[in-house]
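Next come the chains, spelled out residue by residue.
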Amino acid sequence: MSRRVETGRSRLACLTVPLFPLAARLRSEPELIREALAILEGNGQAARIVAATRAARAAGVRPGLSLPQARALCPKLAVRPRDAISERAAEEALIEVADAFSPRVESAGDGTIFLDLDGLPRAASLSGAATTATPDPDGLERALGRDLAAAADAAGLPVRVGIASSKLAARVAAGLPGSPVIVPAGEEAAFLAPLPLARLAPEVDLSSTLERWGVRSIGDFARLPPAEVASRLGRSGSDLHTVARGLDPRPLVPREPPPSFEEGMSLEWPLATIEPFLFIGRAALERLTKRLESAGLACLRLELDLTLEPEGNLRRAIELPAPSRDVKTLLSLIRLDLEANPPGAPVIGFLFRAHPDRPREAQLSLLGPAALSPDRLAATLARLFALLGPERVGSPRPIDGHRPERAALVAFAPPPPPLVMDRAAARQGRGLLGVRALRPPLPLEVITEGPAPEAVANPAISITARPIEVRPVVANGGEDVARRLEIRGGVRVAAGPWALEEGWWTDDPADREYWDVELFGGSVYRVFRDRTTGDWFADGIYD
Amino acid sequence: MLHAVRTAYLDIPDEVPEIPANVGSRAPLGPRALPQDLRDRMQSARQLLGKAERELMPTGLPVLDRLLDGGLPRGELVEVVGGRSSGRFSLVLEVLAATTRAGEAAALIDLGDHLDPARAEAAGADLSRLLWVRPRTVEQALAATEMLLGAGFPLAVVDLGLPPLRGGRGIEAAWLRLTRAAAARGAALLVSAPYRASGTAAAAVVELDRGNARWLRSGASPVLLAGLGGRLVLEKRRGGSAGQSAETSWRSAECLTPPALEVRPVRLFERPRLAASA
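Quick caveat, the model's predicted, so the values are computed rather than measured.

### Remarks on the overall build of chain B
Okay, step 1: Check the secondary structure of chain B and you find eight helices and 11 strands.
Okay, step 2: Burial status across chain B gives 47% buried among its 278 residues.
Okay, step 3: Within chain B, counting contacts between residues at least 6 apart in sequence, those at least 24 apart form 70% of the total.

### A word on the overall build of chain A
Okay, step 1: When helices and strands are counted, chain A shows 17 helices and 20 strands.
Okay, step 2: Counting every position in chain A, which comprises 543 residues, the buried fraction comes to 38%.
Okay, step 3: Considering only residue pairs separated by 6 or more positions, chain A has 58% of its internal contacts joining residues 24 or more positions apart.

### Here's the deal with the sheet that holds strand 9 (residues 261-271) of chain A
Residue and element names in this part refer to chain A.
Okay, step 1: Strand order in the open sheet made by the four strands is 9-12-10-11, with antiparallel pairing throughout. Each edge of the open sheet carries a strand with a single partner, namely strand 9 and strand 11 (313-324). Each strand of the sheet is rotated relative to its neighbour by a mean of 15°, with strand direction disregarded.
Okay, step 2: Both strand 9 and strand 12 (residues 347-357) contribute to a ladder of seven bridges, which runs antiparallel. Across the sheet, the residue bridging to M265 is F350, located in strand 12.

### Observations concerning the interface of chain A and chain B
Think of interface size as the accessible area that goes away when the parts come together; that is how it is often given.
Okay, step 1: Taken together, the contact between chain A and chain B spans 54 residues of the former and 70 residues of the latter.
Okay, step 2: For the side of chain A that touches chain B, the element with the most residues is helix 15 (residues 374-388) of chain A, which contributes seven residues.
Okay, step 3: Across the side of chain A that touches chain B, the residue classes break down as 29 nonpolar, 11 polar and 14 charged.
Okay, step 4: Examined bridge by bridge, strand 13 (residues 393-397) of chain A and strand 5 (residues 130-133) of chain B share two bridges and lie antiparallel to one another. The residue bridging G394 of chain A from the neighbouring strand is W132 of chain B, located in strand 5 of chain B.

### Here we look at the nonpolar core
The tendency in soluble globular proteins is for nonpolar side chains to be buried as a group.
Okay, step 1: Counting 199 residues, the largest nonpolar core has L15 and V527 of chain A together with L96, F153, A156 and V157 of chain B as the members making the most contacts within it.
Okay, step 2: Apart from the residues lying within four places of it in its own chain, the contact partners of L15 of chain A are L94, A98, I113, L148, A152, V159, V161 and A174 of chain A.

### What to know about the pairing of strand 11 of chain A
All names here are of chain A.
Okay, step 1: The pairing of strand 10 (residues 298-308) with strand 11 spans eight bridges and is antiparallel. In the strand pairing of strand 11, D305 is matched with R315.
Okay, step 2: Turn length for the strand 10-strand 11 hairpin, with the two strands adjacent in sequence and antiparallel, is four residues, and the turn residue G312 shows positive phi of about 110°.

### Some words on helix 7 (residues 138-150) of chain B
Okay, step 1: For helix 7 of chain B, which comprises 13 residues, the first-to-last C-alpha distance of 18 Å matches the rise-based estimate of 18 Å (1.5 Å per residue) to within 8%.
Okay, step 2: Counting buried residues along helix 7 of chain B, 10 of its 13 residues qualify, which places the element largely inside the surrounding structure.
Okay, step 3: Along helix 7 of chain B, the residues classified as buried are V138, Q140, A141, L142, A143, A144, T145, M147, L148 and L149 of chain B.
Okay, step 4: Close packing links the buried residues of helix 7 of chain B with helix 15 of chain A together with strand 4 (106-110), strand 5, strand 6 (155-159), helix 8 (172-185) and strand 7 (188-193) of chain B.
Okay, step 5: Two residues or fewer after helix 7 of chain B comes G152 of chain B, characterised by a positive phi angle close to 100°.

### Description of the environment of W250 of chain B
Okay, step 1: If you trace the backbone, W250 of chain B turns up in strand 11 (residues 245-251).
Okay, step 2: What makes W250 of chain B buried here is the crowd of 28 C-beta atoms within 10 Å.
Okay, step 3: Between the alpha carbons of W250 of chain B and G230 of chain B there is a distance of 8.3 Å; along the sequence they are 20 residues apart.
Okay, step 4: Setting aside residues up to four positions removed in sequence, W250 of chain B forms contacts with G431, L432 and L433 of chain A together with G87, S90, G227 and L228 of chain B.

### What to know about the confidence of the model for chain B
Residues and elements named next belong to chain B.
Okay, step 1: With 73% of its residues at a pLDDT of at least 70, chain B reaches an overall mean of 79.
Okay, step 2: When the criterion is pLDDT under 50, residues 5-10 qualifies, and its contacts beyond four places in sequence or with other chains add up to one contact.
Okay, step 3: Confidence over residues 257-278 falls short of pLDDT 50; this stretch has 18 contacts with residues more than four positions distant or in other chains.
Okay, step 4: Here the predicted complex carries an ipTM of 0.75, next to a pTM of 0.64.

### Focus: the environment of E106 of chain A
Residues and elements named next belong to chain A.
Okay, step 1: Topologically, E106 is positioned in strand 5 (residues 105-109).
Okay, step 2: Among the residues examined, E106 registers 20 C-beta atoms within 10 Å and is labelled buried.
Okay, step 3: For the pair E106 and C14, spaced 92 residues apart in the sequence, the C-alpha separation amounts to 9.5 Å.
Okay, step 4: The contacts of E106, once residues within four sequence positions are left out, are I113, F114, L252, V253, P254 and R255.

### Description of the packing of helix 13 (residues 274-294) of chain A against helix 14 (residues 327-340) of chain A
All names here are of chain A.
Okay, step 1: One can describe the packing of helix 13 onto helix 14 by two numbers: an axis separation of 10 Å at closest approach and a directional angle of 140°. Comparing their axes, helix 14 and helix 13 come out oblique. For the pair helix 13 and helix 14, the crossing hand works out as right-handed. Contact residues: helix 13 offers I274, L278, G281, R282, L285, E286 and T289, while helix 14 offers V327, L330, L331, I334, R335, L338 and E339.
Okay, step 2: Classifying every residue of the contact of helix 13 with helix 14 gives eight nonpolar, two polar and four charged.

### Structural notes on the sheet that holds strand 8 (residues 181-182) of chain A
Residue and element names in this part refer to chain A.
Okay, step 1: Strand order across the open sheet formed by five strands is 5-6-1-7-8, with mixed pairing between neighbours. Where the open sheet ends on each side, the last strands, each with one partner, are strand 5 and strand 8.
Okay, step 2: Relative to strand 6 (residues 112-116), strand 5 runs antiparallel, the two sharing four bridges. Across the sheet, V105 pairs through a bridge with L115, a residue of strand 6.
Okay, step 3: Strands in contact with helix 5 (residues 84-99) are strand 1 (12-16), strand 5 and strand 6; relative to strand 5, the strand with the most contacts, it is inclined by about 155°.
Okay, step 4: Sitting on the sheet, helix 8 (residues 167-174) touches strand 1, strand 6, strand 7 (160-164) and strand 8, and the angle it makes with strand 7 is about 145°.

### With respect to the confidence of the model for chain A
All names here are of chain A.
Okay, step 1: Here chain A averages 82 in pLDDT, while 88% of its residues score no lower than 70.
Okay, step 2: A low-confidence stretch, residues 1-8 stays under pLDDT 50, and its non-local contacts, those more than four residues away or across chains, total 12 contacts.
Okay, step 3: Segment residues 126-134 is flagged for pLDDT under 50; beyond a separation of four residues in sequence, or across chains, it makes 14 contacts in the model.

### With respect to unusual backbone geometry
Okay, step 1: The omega torsion across E309 of chain A and P310 of chain A is 0°, close enough to zero to call that bond cis.
Okay, step 2: Of note, the bond from R439 of chain A into P440 of chain A is cis; its omega dihedral lies within 30 degrees of zero at -10°.
Okay, step 3: Take P440 of chain A: it is sitting in strand 15 (residues 435-448).
Okay, step 4: Even without being a glycine, D110 of chain A presents a positive backbone phi close to 50°.
Okay, step 5: Relative to the helices and strands, D110 of chain A resides in the loop between strand 5 and strand 6.
Okay, step 6: When the 12 C-beta atoms within 10 Å are taken as the criterion, D110 of chain A is described as exposed.
Okay, step 7: For S85 of chain B, which is not glycine, the phi dihedral falls at a positive 55°.
Okay, step 8: Along the chain, S85 of chain B turns up in the loop between strand 3 (77-82) and helix 5 (88-101).

Cut-offs applied
Residues numbered from 1 in each chain as written. Chains lettered and ligands numbered in written order. Predicted model: local features only at pLDDT ≥ 70, side-chain atom pairs only at ≥ 80, totals over all residues. Helix = DSSP H or I, 4+ residues; strand = E, 2+ residues; numbered from the N terminus. Buried ≥ 20, exposed ≤ 12 C-beta atoms within 10 Å, placed from the backbone. Contact = placed C-beta atoms within 7 Å. Pairing = 2+ DSSP bridges. Axes fitted to C-alpha atoms, helices over the stretch in contact; angles between N-to-C directions. Nonpolar A, V, L, I, M, F, W, Y, C, P; charged D, E, K, R; others polar. Core = buried A, V, L, I, M, F, W, Y, C linked by C-beta atoms within 7 Å. Expected span 1.5 Å × (residues − 1). pLDDT = per-residue confidence, 0-100. Parallel < 35°, antiparallel > 145°, perpendicular 65-115°, else oblique. Left-handed = near helix turned anticlockwise from the far one by under 90°.

If you want it as structure tokens, here you go:
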């Protein structure tokens, strides 16, 4: 890899976000961009300012000041602590911007990433993505750099771009004003030479030694003989000398794509009610769905991590019926989940983690029936889940067996519609008599003719006597019965019995004798006697 | 299509009809200026649009299709009303089966939790295209139906189950909103209720008379439920005349004999009648 760098074939871009802790904060709270805002790191007396907005810098607030010092300079200064969650999210967002340009991306942390540009400027010029028509690679790279900066800006992060053949040169170039800065291949040493040595960020004692030697610029240092530098300054000095000469042996280490997307922030003050939380959560969800969209993905499972005050954590997972990017739906699911199980303590921080999946695609048909829009269907199913619960929405399936009150439910994912609608099939039905299943079976009192079945000596050959009257079971004051439908009356016609025995080897066996009975009112029911208990039930109405 | 156009074109008689003398500058423009026989052959674009809007969805039940002039009108609400054992649920299953069999998705909003998937499959429904939603109250049922119509389901069937209905009939305004949602998407909306629920929102109301059970008898005792006969009465028809009725019959899944036939007692040991000459 190092040889590749030296031959100048590989080209790298470095994206760096100046004042990264501040930029990450402003991405979460964009309304603060015009205010005098400073980011504070550390606790109590040791807290120091690490970054400040332009308004604060104009008042004299500099990194390294303590909070009282800064407040003395700028009384209206707003202060926020460094927020690891929003910094991580901003870092991820930056990487995803780079992912859209190159498959090989390395994250160096603190708002700096590298991406491999091999072949990209050419491809960009072919596709017309680059705005310049000049064939020289410098111009193409400049256009690419501008595209990168624009894409990062759209993700809410102002970046500087440097393009060079080594990581170090690219990083130094990105630190210079006038972004994008392009270092032509093979000219890394010449590019670095006039710059002050501080750009290489040497260690403190090393830089003081070099200053005593009178070495001010990178070029001065690079001109020193390597062997002498190594013998006087040791390993770290030798390494620094190599980079000063424009050689950077470190290869690009591409990162693995993340299994999930995260977005969140820690809050200034604890939130005890749901409305303000959802207000802040909506912005985070919008950022999250935007990132998912840029990766061509949608959220299938949303995890919610809440940091509670004074201590504790709460983790919730919300399963979606189909991949979705609809903020409104996600938000209403979060609301319903939190309303159903409140956290029990004020919330001081939160993190949304989206487990992605490919969104469903629909193939439109010219002549056949229209397919449902997968996006809209996913959103609707999620809202129905929220309204009724997942156990009450789905596609029905029969369960192997004979008990009609049992039914299975699977996720609704209709197959694509046929190319041509079969209208002839639709016209001629089967005219089959339907049965309304009663779930659970309705307990009944049934008066039968002849001897009671218990009177028959051998239960194995017992046959239930014909029912002659049916009435509802009144138990516990009949309160429950009053709200359910009532089956009552004399039996006009009864046909049966049919035996049903199922699952005798399980914990929940069914041993029933079925009768079809028509009451004098004219309605026809399917009733059965449980042979193990002798109780009567209705489990269906012919309708 | 092209063939149809050509046939229509060739049907126009060769001789040009005599143009009436009063066709002049003051005569109205448009089809009225044309002679009657030409005017009958012409269609304006507006008429074509109206036809597309009134597209119908076959119900799978020829009797009901006849009553409704061809099927469920898309974009309108049709209500079927009937008591216990009137065949109302069979009708619901038939409509769901017809739609899913044709390849369209359908949603059943089943307030009473009455669907038996095995029966629906036996009726010919393609269960993978059927969304089964089980609300707990009428209010939830109405909200769910509105969501489903908004999602673009071509058919939503609301079965309110059997009385007592949890939540009454629902607010009339909610039913009217459902009609508007159906009209906006061109979806057919069928409401099956034990008594009139949708009020003025329904474009057509079909009432099912209480059915009469048909039993297959052997001697004196019935042995098998053969089916259910019933009568459909068109109670209301917006923009049409009501009052027609038709007979229906439903065949029991366990019985292979069509119930429409007169079922006679089955005699197992009937002696074959020999011809007198033999």
